[in-house]
Amino acid sequence: MSALCDPPGAASPPRPPLSAQELGQEVKTFLSGLDPVQGTQLSPEDHARCALLLLQSLPPARHAALDHLRSIFDEQVCCHLLEKEAGAASSASSSTPSGGGGGGGGGGLEEVVEEVRKVLGDFIQLNPKCWAPVVSTWAIELLGQLSSKYAGRQGVPQASSSSSSSSLNELLQLWMSCKATRTLLDIYGQCLSAMIGGCPDACVDALLDTSLQHSPHFDWVVAHIGSSFPSTIISRVLSCGLKDFCAHGGAGAAGDHFPLAPPLAPPLAPPPGAAAPPPDKRLPKIASVVGILGHLAAQHSASIKQELLRMFHESLASSSSSSSSSSSREQQQQHRATVPFLLQLALMSPALLATVSPELVDSLQPKVLNQLHLHFSLLPREELEGLVGVVVHLICQTSAGAFRLLQFLLATASPASVIAPPGGPQGLQEGVREACDRIIQLLLLHLQKLVFSRASPSLSELPSPRPVPFLDALKPHVRELCLETLRLERKRFLWQHQLLALLATYSPPHCATQALSCLLTLAKSPEELALATQLHAVLSCCLPDLLPATLQACISQVQAGSLPPPHTSQLLHNLALVLQGEGGPECPPGDPSSMACRLGSVLSGHLQDLAQLLLHQHPGVGAACCQLLAVCPLPRSLPPAQLLAVVRAGVQRFFRVLRAREPAGLAPSCQLLARLAALSPAATKSVLQQLVEGALRGRNAQIFGAGAAAAPSGGWEEAGAGPAPGLGPEVSLLDANRRLTATGSFSGGVWSVFHAGVIGRGLKAKPGGEQRDPEEVARNIQVFLSLLLRCCSSSSSSVGGSGGQPGESLPGGPRGAGAAGAGRNHPGDTQPGARGGAGAPRSQPAGPGATPRPHPGDPQAAAPPPPPPCRPPGASPSPSPTPGDFSWVSINPEAAKAVAAALVESICPEAAGGELLWPPEEQVRGLVERDLRICRRFRDHPLLFPLLRLVAAGPPALCYCSVVLRGLLATLLGHWESCRESRTLASPWHLRASCWLVAILAEGSLVPPALGGIPELFPRLAPFEVHLLLLSVWEYLREHSPLPQRFSFQGGCFLRDFSRDGDLGKHLGVLHSVLHRNVQRLGVLAASFWP
């Protein structure tokens, strides 16, 4: 009978033969559950052994027997959990499970479970093909039922849909300590091992079905079996899932469309922590496939990735060779459905998508892409649109390898005419490029919808925008995207620019400021700079604070040193171009909403930070910063500290450009200082003061022809000492000690010391210095004077009192105003006094020349000093303005007063703010040392005479130089009095200085025109005659002291009426006598000196 009931080919294990009567009795006992001898109820153990006996002897009863054995395993699991609960409650007592056959039922059940394992193991070993599918299905279903039944039991860890590793480990530890569940796992493992060499699909199908039905409580079984048979489970699970996918119409063959293809713009992905969407009921096993592979991805991601890629490439290879292949129709359908199946898996499992996406991009070579194009070329348009929508949605959800994926799409979609970089796609069909082009356009459209439609779940909750993984993964690659965009490769840079705008909108303010700052920093042409202005035009509507944040980030990078100097200079240069409206049509300078106008208002707030870059060590940074500040709008009001810092930096930049011989940098430097001077009266005075003091100090003085002995301002050069070793010319310890000493230095008497040399060794040697070309010196003087004129002229509308009534600001009391600049002494603040120092020797060879048109016979005719006010006989005045002629320009009196104050401060600091009245004769004798020091300063600095002439052009500002004029005139008087030469040409410097001085006095209206014309006579006179004429000038100035009150405001300027000074005849007597004595030589000029 058993032979008739066994499955075909099945063979039962050896067992004791039973007669028909005994077999019938066993069946009756199994069905009734009563002991045939005693008539009592069978114990669970005995009833289970009866079922085992029937399973061995009567194969048709195997289903009933296996079904009965389920209760035995259930009972054993219940006993095990009760023992665990009792052991947790009290370790001293033991509990007996209810429903058992008596005490010690747990041990008896374990024995029965062991017997069941042995019997079923023998069946599987003898005939695995017949018994393994049946037993594996029974065992895995029973495991699922037990896991779900006792999932809510106390002491059983709770399993969640996320199935974290900790909860799985706890569940696995609990169930593996139970004899029944451990035996079921062993039985299923034995079945799977026996079928690996054949066809384990039945075992895997049972696992899939059970996982779908009892997940997540069944996840621990999947994790254990998957870790025991990773390769088999992964490959067979995917194979079974693909078959089930095809069976439910997912193959795409025979006119069936892709069932789960989302629309072109699929709904947003659920936020983290939200429940996953329920699986499609038409595909019951794909959710289980996703769950199993998700559990295995943590430990076996490499195997999963390898299997998925193998399936993908095999499906493409088979489809490309299907015309010559003899594969079955079922296999062809599976190959067609492989790509949609993989897409569906990726849609349902972000973990699988992250696992396979990087390797998939690397494997998409041109050959594979052509095969993929051929694979889908015959599909209907609607199905293709659905597949493209799925691909776009998956790209938006991709985070791992997102930048590589983007680069691949851009490189593949680039037109064939563009020269591809090394390793770029070659040999692609045109349809592949069109498909990638279509995907990129849809991707950008979909990203735009995701970015601009993000919203919080409800109005009552705080905004928590849903993430876009693709854009999140691109955040660290903003700089690379900017570099790629600036390459300007046809369509490619347009796509990347649009993606940058989306990324900036998605993640403000960091990505927005980084993208805009990178474009502004790296752009090297107007076309590239236009990308930055276009990005700002796109983002300004939704990010109003973008430009201030970007500028702040750029300046912070520069100050921190994280931005290389070449990039810093390029950034500043580009900002200047944007301000000038050269950044493209998006930034016209006149439009208030344009980037140029907004940038100007933002930059004005960072004026002090930018001014620090004017003195940057890298020459390009300073030049670019100066160019930017020259066109940057300046605030109308600045705090004094900031104003002084900006002016100092601008002045130092100007002199640095002059020293470095950079003609291209002069125009921005001059423009910057002129604009600073036009801000306010204080700014004008500060700029003029810094310019004058800087031009007469140290190395700056040398570029204007000063000798190496030129001192900054009464420093160690006048004292006769040199700088300390290792210190530059700007630092003098001796000068510092003298300034800080408690002992005063008084002029006259034994306290006066002349450091002219050492007795027995002669005069001290003149220190050598850098010799510059005379033409360069003249050009530098011309540039400097032009800048001063611009600053003085630009102050006409800002300096107070320029157009006021006399006495409002310029004219003061007998003690005229001193320095008018910031931080200078006002009238009466300090008393004139003598500071330590000594004058120069009475006769020294003239240094580098002081006039570009020397007199005939002058030994220094090749020197290029400023043009003298005197000219040889017969020479006509120059028809055009010269560097020393300021009669053609209007100079603001207040600005000229500021220059005068700075000159006095630089030439003779101890006399700054002193008396304007001409001192009495007895006081003059005590100022010899100071007068010699003033004369030496004029000898060392050819620039001083043109500066005095500039002051004279703005009367009555020359009155404030009274101390300097008196000291120089006194020194010249002493020289000509002691000179024993027959001609004045023997002392060329003193001759030129005398001509300069008297002409300046005449231009400043300090002497009448009759006396102002005597410089034309000096070259033709003897030294004693020059002394007599200068003495007449001295007497006039002593009698009519140079005071601002002698000027009146007429016709928009200050003028002096010399008729109010009385009869000038007594001051012209000496002049007339000299003319009479030299009438044969001076007769042609005599008429101009009589009224």
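All of these numbers come straight from a predicted model, not from anything done at the bench.

K.L.:
Can you break down the overall build of the chain residue by residue, with the values?
P.N.:
The helix and strand tally for the chain stands at 45 helices and four strands. When each of the 1091 residues of the chain is scored for burial, the buried share is 51%. For the chain, contacts bridging at least 24 residues in sequence account for 76% of all contacts bridging at least 6. When the accessible area of the chain is evaluated, it comes to approximately 47300 Å², of which 56% is carbon and sulfur surface.

K.L.:
Pulling in residues and values, what's your account of the pattern of salt bridges?
P.N.:
Counted under the stated rule, the structure contains 32 salt bridges. Among the ionic pairs, arginine 70 bridges to glutamate 141, the shortest N-O distance being 3.6 Å. In this pair, arginine 70 is assigned in helix H4 (residues 62–89) and glutamate 141 in helix H6 (residues 128–149), connecting sequence segments 71 residues apart. Taking relative accessible area as the criterion, arginine 70 reaches 16% and is therefore assigned buried. Residue glutamate 1025 pairs with arginine 1077 through a salt bridge whose shortest N-O separation is 2.7 Å. With a gap of 52 residues between them, glutamate 1025 in helix H43 (residues 1023–1039) and arginine 1077 in helix H44 (residues 1065–1077) connect regions that are remote in the sequence. The class for glutamate 1025 is buried, based on a relative accessible area of 2%. Overlapping salt bridges bring together Asp46, Arg49, Glu111 and Glu115 as one network.

K.L.:
Could you give an account of H44, with specific residues and numbers?
P.N.:
Look at H44: 18 Å from first C-alpha to last across 13 residues, which is about the 18 Å you get at 1.5 Å a residue. When we look at burial in H44, the residues that qualify are His1067, Leu1068, Leu1071, His1072, Val1074 and Leu1075. In this structure, the buried residues of H44 make contact with helix H42 (1009–1012), H43 and helix H45 (1079–1086).

K.L.:
How would you sum up unusual backbone geometry? Please name residues and give values.
P.N.:
In the segment running from proline 508 into proline 509, the intervening peptide bond is cis, with an omega of -5°. With respect to the secondary-structure elements, proline 509 resides in the loop between helix H21 (490–506) and helix H22 (510–522). Of note, the amide linkage connecting proline 955 to proline 956 takes the cis form, showing an omega dihedral of 5°. Phi angles above zero are rare outside glycine, and arginine 661 is one such case at about 55°. Since its relative accessible area comes to 45%, arginine 661 is described here as partly exposed.

K.L.:
Report on the packing of aromatic side chains, specifying residues and quantitative values.
P.N.:
Going through the model one piece at a time under the given rule, you end up with twelve aromatic pairs. For the ring pair tryptophan 175 and tryptophan 220, a centre distance of 6.1 Å and an interplane angle of 20° mean the geometry is stacked. Remark: tryptophan 220 occurs in helix H10 (residues 219–228) and tryptophan 175 occurs in helix H7 (residues 165–176); sequence separation between them is 45 residues. Each of the two residues, tryptophan 175 as well as tryptophan 220, counts as buried. Seen in terms of ring centroids, phenylalanine 945 and tryptophan 996 are 5.8 Å apart; in terms of plane orientation they differ by 15°. Their pairing is stacked. Here phenylalanine 945 is found in helix H39 (residues 944–952), whereas its partner tryptophan 996 is found in helix H41 (residues 988–1003), with 51 residues between them in sequence. Put simply, the rings of Phe654, Phe655, Phe704 and Phe784 pair up and form one aromatic cluster. Note that arginine 939 overlies the ring of tryptophan 989, its terminal NZ or CZ placed 4.9 Å from the centroid.

K.L.:
Please give an account of helix H14 (residues 350–363) that cites residues and values.
P.N.:
Between its first and last C-alpha atoms H14 spans 20 Å; for 14 residues at 1.5 Å apiece the expected length is 20 Å, and the two agree. Bending of H14 peaks at approximately 35° at the position of serine 357, with proline proline 358 no more than four residues after it.

K.L.:
Kindly report on the side chain of serine 1032, identifying the contributing residues and their values.
P.N.:
In this fold, serine 1032 is placed in helix H43. Looking at serine 1032, the relative accessible area reads 8%, which means it is buried. Among residues more than four places away in sequence, those in contact with serine 1032 are His1067 and Val1070.

K.L.:
Outline the pairing of strand E3 (residues 1047–1050), supporting the account with residue identities and numerical values.
P.N.:
Within a regular beta strand, the side chains point alternately toward one face of the sheet and then the other, so they alternate between its two faces. As judged from the four bridges shared by E3 and strand E4 (residues 1053–1056), these two strands associate in the antiparallel manner. Across the sheet, residue phenylalanine 1049 finds its bridge partner in E4, namely phenylalanine 1054. Where E3 folds back onto E4 in an antiparallel hairpin, the turn is made up of two residues, including glycine 1051, whose phi is positive at roughly 60°.

K.L.:
Any chance you could break down the confidence of the model for the chain for me, citing the residues and the numbers?
P.N.:
Averaged over all residues, the pLDDT of the chain equals 75, while 74% of them reach at least 70. Across residues 797–883 the pLDDT falls below 50, and counting only partners more than four positions away or on other chains, this stretch makes 205 contacts in the model.

K.L.:
Explain the packing of helix H40 (residues 962–978) against H43 residue by residue, including any values.
P.N.:
Two numbers describe how H40 lies on H43: the axes approach to 8 Å, and their chain directions differ by 150°. Overall, the two elements H40 and H43 adopt an arrangement that is roughly antiparallel. At the point where H40 passes H43, the crossing takes the left-handed sense. Contact residues: H40 offers Arg966, Leu969, Ala970, Leu972, Leu973, Trp976 and Glu977, while H43 offers Pro1023, Phe1024, Val1026, His1027, Leu1030, Leu1031, Val1033, Trp1034 and Leu1037. Class assignment for the residues of the contact of H40 with H43 results in 13 nonpolar, one polar and two charged.

K.L.:
Residues and numbers for the side chain of glutamine 76, please.
P.N.:
Structurally, glutamine 76 is set in helix H4. The class for glutamine 76 is buried, based on a relative accessible area of 3%. Leave out the neighbours within four places in its chain, and glutamine 76 touches Leu109, Glu110, Val113, Cys178, Lys179 and Ala180.

K.L.:
So, the environment of leucine 405: which residues are in play, and what are the values?
P.N.:
Secondary-structure assignment places leucine 405 in helix H17 (residues 402–413). With relative accessibility at 12%, the residue leucine 405 sits in the buried group. The spatial distance from the C-alpha of leucine 405 to the C-alpha of serine 357 is 8.3 Å, given a sequence separation of 48 residues. Contact partners of leucine 405, with chain neighbours within four places excluded, come to Val361, Ile395 and Thr398.

K.L.:
Can you break down the environment of serine 377 residue by residue, with the values?
P.N.:
Within the secondary structure, serine 377 is located in the loop between helix H15 (366–375) and helix H16 (381–396). Serine 377 gets classed as partly exposed once you look at its relative accessible area, which sits at 39%. The spacing of serine 377 and glycine 431 is 54 residues in sequence and 9.3 Å in space, taken between C-alpha atoms.

Definitions and cut-offs
- Residues numbered from 1 in each chain as written.
- Predicted model: local features only at pLDDT ≥ 70, side-chain atom pairs only at ≥ 80, totals over all residues.
- Heavy atoms only, no water.
- Helix = DSSP H or I, 4+ residues; strand = E, 2+ residues; numbered from the N terminus.
- Buried < 20%, exposed > 50% of the residue type's maximum accessible area, 1.4 Å probe, protein only.
- Contact = heavy atoms within 4.5 Å.
- Areas by Shrake-Rupley, 256 points an atom, 1.4 Å probe, with all protein chains shown as cover.
- Salt bridge = Lys/Arg side-chain N within 4 Å of Asp/Glu carboxyl O.
- Expected span 1.5 Å × (residues − 1).
- Phe/Tyr/Trp six-rings, centres within 6.5 Å; stacked < 30°, edge-to-face > 60°.
- Lys NZ or Arg CZ within 6 Å of the ring centre and 35° of its normal.
- Bend = angle between axes of the 7 residues up to and from the residue.
- Pairing = 2+ DSSP bridges.
- pLDDT = per-residue confidence, 0-100.
- Axes fitted to C-alpha atoms, helices over the stretch in contact; angles between N-to-C directions.
- Parallel < 35°, antiparallel > 145°, perpendicular 65-115°, else oblique.
- Left-handed = near helix turned anticlockwise from the far one by under 90°.
- Nonpolar A, V, L, I, M, F, W, Y, C, P; charged D, E, K, R; others polar.

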